[in-house]
Structure formats: structure tokens, C-alpha cells
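Single-letter residue listing:
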Amino acid sequence: MKVIRLEKVDSTNNYAKLNIENFADKTIVHALSQTSGRGRLNRSWVDLGEGNLFMSFVLKPSDVYKEEYSNITQVLSVALCKVLENYGLFPEIKWPNDVLIDGKKIAGILSESVMSGSLLKGIVLGIGVNLNAKSEDITSIPNKIATSLNLELGTDINMEHFADELIAQFFALYDEFLKIGFEYIADDYIERNCFLNKELNVQVFDNVITGLAKSINDRGELVLLNEDKELVLTIGDIL
Ligand code: BT5
């Protein structure tokens with residue numbers, strides 16, 4: 001495992017994707033600041049200043065894409081919860097991979113696959129975690145109630161230490177997950193959920209799908225019950 005450290009970059013995911021052919025499996029790109037951090041669907045990830053975490057894992061599990069790779073974001077959400085729990089917090093996971101503290105978003109995860117025809121060049125798994133933010137900046141984040149670890153704990157956070165812990169927790173799960181699939185992390189994931197047994201509205205592209213969150217199946221998908229019909233969602237945003 002190798003960590004590439006950058007002062008400033010547009011996006012650690014962009015940097016990792018551009019250089020993917022030069023990077024070995026399990027290379028990590030870690031930047032101190034990000035000028036154009038990205039979320040999903042062209043949303044942006046806000047850099048809240050010095051001491052926050054911007055990191056991308058380059059993963060090369062095989063030459064072909066397998067369905068279970070879509071669960072890698074959920075593996076990282078579990079790893080992040082374990083790190084936050086070691087700081088004394090009680091994080092929760094909102095399907096598929098948002099990590100919340102008291103309903104507030106503390107981190108974002110973005111996975112992108114780089115393909116060459118049918119060949120998988122690699123997966124870039126990016127994560128941003130708010131570790132040292134000012135409360136006035138947190139409230140300026142668009143469309144979300146957000147938080148930061150320092151604000152939750154009332155003390156500055158050592159970003160390097162946090163990054164090391166997160167890398168260790170992720171790789172403690174990753175190899176076994178590749179062999180077994182989502183089931184390997186299912187209990188860890190489900191016991192931290194904040195959405196099961198609730199009536200949900202889920203945005204899936206241009207549609208909003210409504211139903212009772214019944215379960216997470218063994219592929220990490222969300223099973224909704226709408227009247228007597230079961231709807232299985234592979235992607236979406238819980239509103
Ligand atoms: C995400 O997207 O949550 C994935 C964000 C991934 C960011 C990392 S940083 C390292 C790597 N390099 C990148 O360029 N990206 C990855 P999504 O679920 O689409 O949520 C985006 C929404 O989160 C935004 O529209 C805002 O409402 C909110 N948001 C933006 N910045 C935030 C922040 N710093 N803290 C909390 N919420 C934020």
C-alpha cells in the first residue's frame with residue numbers, strides 16, 4: 001500500500017482516474033486541499049479548509065467488473081463508522097453510504113470505475129470527511145445539514161491519525177469482502193442503519209419512489225414495501 005500526498009488538487013478522484021495506469025492496487029491519493037471536489041450526479045463536495053480529509057483509494061480487484069464492486073462504498077461507510085466510534089461517537093448509515101451523526105452529514109463517499117472497453121482498469125473510491133471545520137462554514141453547505149468531528153467533540157482533530165485509522169479499518173474489511181461479498185459486512189452495516197422500518201421517499205433519477213423500508217438484501221440493495229409490492233432499489237437518494 002502506497003500513499004501519494006498532494007498539497008492541492010482539483011479532486012483526488014480526478015487525479016486518481018487520470019493516473020490510474022501508473023498506480024498499483026491499493027494506492028491512496030491524499031490531498032490537503034481540493035478545489036473542485038465532486039459528489040454524485042455533478043454535485044460538489046465543499047472543502048471546509050485546512051485539516052479536513054480528502055482521499056481516494058485506487059483499487060484493482062480484477063480485470064473485469066463484478067456486480068459486488070458496487071458495495072465497496074458500503075464497506076467504506078462501515079469502516080468510517082468504526083473509526084468514528086473509536087472517537088466516542090454513534091454514527092449512523094443512511095443507505096447506501098451516507099454517514100451521519102445525529103442526522104447530520106459528516107462525510108461523503110464517491111466510487112467511480114475506470115473501464116477500457118470491457119476491461120476494468122480500476123475503481124477509484126473517494127471519501128471526504130469533515131474533521132476540522134468552522135461552525136459558520138458548516139452552515140453554508142447547500143441543501144444539507146452537516147457537521148464535523150471537531151465540532152462534535154469540541155477539540156481539534158489530528159487529520160493524519162484519522163486518515164491512518166480509516167485506511168486500516170477499510171483494509172481490515174476489504175480482502176474478505178472481495179471473497180464473500182456484501183454478506184461479509186451485512187451485520188455491521190445493518191446494525192448502524194437509520195432508515196429501516198421507516199416510510200421513505202427515495203429519489204431514483206427523475207422519479208420519487210415511496211415505501212416502507214423493509215430490509216437490506218444480501219446484495220446491499222434497499223427493499224421497499226409499497227402496498228403489497230416489493231421494490232428493490234440498487235441506487236437512489238433517500239430524501
Ligand atoms: C457525496 O456526494 O457525498 C460524495 C462526496 C465525495 C467527496 C470526496 S472528497 C475526495 C474525493 N474527491 C472528490 O472529488 N470527491 C471525493 P453526494 O451524495 O452527491 O452529496 C453531495 C452533497 O453533500 C452536496 O450537494 C451538498 O449538499 C453536501 N455537501 C457538500 N460538501 C459537504 C461537506 N463538506 N460536508 C457535508 N456535506 C457536504
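Rules of the game
- Here, residues in each chain are numbered from 1, in the same order as that chain's written sequence.
- For this predicted model, a pLDDT threshold of at least 70 governs which residues receive local features, and a threshold of 80 or more governs which side-chain atom pairs are given and counted, while totals over whole chains, interfaces and linings are taken from all residues.
- Calculation of side-chain values draws on the structure's entire complement of heavy atoms; hydrogens and water are dropped beforehand.
- In this description, a line fitted to the C-alpha atoms serves as the axis of each element, helices being fitted only across the stretch in contact, and the angle between N-to-C directions of two axes falls anywhere from 0 to 180 degrees.
- Helical segments are the DSSP runs of H or I of at least four residues, strand segments are the runs of E of at least two, and each set is numbered from the N terminus.
- To sort the angles, those under 35 degrees are grouped as roughly parallel, those over 145 as roughly antiparallel, those from 65 to 115 as roughly perpendicular, and the leftovers as oblique.
- Working rule for handedness: look at the near helix, and if it is turned counterclockwise from the far one by less than a right angle, call the crossing left-handed; if clockwise, right-handed.
- The contact criterion used is simple: two residues touch if any of their non-hydrogen atoms lie within 4.5 Å.
- Gly counts as polar in this scheme, as do all residues outside two lists: the nonpolar Ala, Val, Leu, Ile, Met, Phe, Trp, Tyr, Cys and Pro, and the charged Asp, Glu, Lys and Arg.
- By convention in this text, a residue qualifies as near a molecule or strand provided that one of its non-hydrogen atoms is within 4 Å of it.
- Under the rule applied, a polar contact is a pair of N or O atoms within 3.5 Å (in protein, one hydrogen donor and one hydrogen acceptor; residues adjacent in sequence only if both atoms are side-chain atoms).
- Using the Shrake-Rupley algorithm and a 1.4 Å probe, accessible areas are obtained, with residue cover drawn only from the displayed protein chains.
- A carboxyl oxygen of Asp or Glu within 4 Å of a side-chain nitrogen of Lys or Arg is what we treat as a salt bridge.
- Each residue is assigned to one of three classes by its accessible area relative to the maximum for its type, calculated with a 1.4 Å probe on protein chains only: buried under 20%, partly exposed between the two thresholds, exposed over 50%.
- A pair of strands is treated as paired once DSSP finds two or more bridges between them.
- Here the aromatic set is Phe, Tyr and Trp, taking the six-membered ring for Trp, and pairing holds for ring centres within 6.5 Å; pairs whose planes are under 30 degrees apart are stacked, those over 60 apart are edge-to-face, and all others are tilted.

Turning to the packing of helix α2 (residues 72-86) against helix α6 (residues 183-190), a few remarks are in order. Closest axis-to-axis distance for the α2/α6 pair is 10 Å, and the angle between their directions is 45°. With respect to α6, the axis of α2 lies oblique. The way α2 lies across α6 gives a crossing that is left-handed. Where α2 abuts α6, its residues Gln 74, Val 75, Ser 77, Val 78 and Lys 82 lie against Ile 185, Asp 188 and Tyr 189. A breakdown of the residues in the contact of α2 with α6 according to their chemical character gives four nonpolar, two polar and two charged.

Right, let's talk about the site of the ligand for a bit. Close to the ligand lie 27 residues; Ser 11, Arg 38, Arg 43, Lys 105 and Pro 142 are nearest. Within the backbone of Arg 38, an N or O atom sits 2.7 Å from an oxygen atom of the ligand. One of the side-chain nitrogen or oxygen atoms of Asn 130 is found 2.8 Å away from a nitrogen atom of the ligand. Out of a free accessible area of 790 Å², the ligand has 98% covered by protein chains. Broken down by secondary-structure element, the contributors of at least two residues to the shell around the ligand are α1 (12-18), β3 (53-59), β6 (104-116) and β7 (119-129). For the shell around the ligand, the element with the highest residue contribution is β6, accounting for four residues. Across the shell around the ligand, the residue classes break down as ten nonpolar, twelve polar and five charged.

Moving on: the pattern of salt bridges. Where side chains of opposite charge bring their charged atoms close, a pairing between them can arise. Enumeration according to the criterion identifies 17 salt bridges in this entry. Arg 5 is paired through a salt bridge with Glu 160; the nearest N and O atoms lie 3.1 Å apart. One end of the pair, Arg 5, is in strand β1 (residues 2-9); the other, Glu 160, is in helix α5 (residues 159-180), and 155 residues separate them in sequence. Assessed through its relative accessible area of 51%, Arg 5 is described here as exposed.

Bringing unusual backbone geometry into the picture now. Along the chain, Trp 95 connects to Pro 96 via a cis peptide bond; the corresponding omega equals 0°. Within the secondary structure, Pro 96 sits in the loop between β4 (92-94) and β5 (98-101). Positive phi values are uncommon outside glycine, yet Phe 205 reaches one of about 50°. Positive phi, normally seen in glycine, also occurs at Glu 227, with a value near 55°. Its location among the elements puts Glu 227 in the loop between β10 (222-226) and β11 (229-233).

With that settled, consider the sheet that holds β4. Taken together, the seven strands give an open sheet; going across it, the order is β1-β2-β3-β7-β6-β5-β4, and neighbouring strands pair in mixed fashion. Both outer strands of the open sheet, β1 and β4, are each paired with one neighbouring strand and no more. This sheet shows a mean twist of 20° between the axes of neighbouring strands, independent of strand direction. Sheet strands touched by α5: β1, β2 (27-34), β3 and β7. Its angle to β3, the strand with the most contacts, is close to 30°.

Right, let's talk about α6 for a bit. Every α-helix carries 3.6 residues per turn, so stepping three or four residues along brings you back to the same face. Of all the positions in α6, only Ile 185, Ala 186, Asp 188 and Tyr 189 are classed as buried. Buried positions along α6 lie against α2, β4, α5 and β9 (207-216).

Below, the discussion takes up the packing of aromatic side chains. Within the structure shown, the criterion is met by nine aromatic pairs. Between Tyr 65 and Tyr 69, the ring centres sit 5.5 Å apart and the planes meet at 90°, which makes this aromatic pair edge-to-face. Taking relative accessible area as the criterion, Tyr 65 reaches 36% and is therefore assigned partly exposed. Judged by centre distance (5.5 Å) and plane angle (75°), the ring pair of Phe 182 and Tyr 189 falls under edge-to-face. Judged by relative accessible area, Tyr 189 falls into the buried class, the value being 0%.

No statement about biological role is implied by the geometric values presented.
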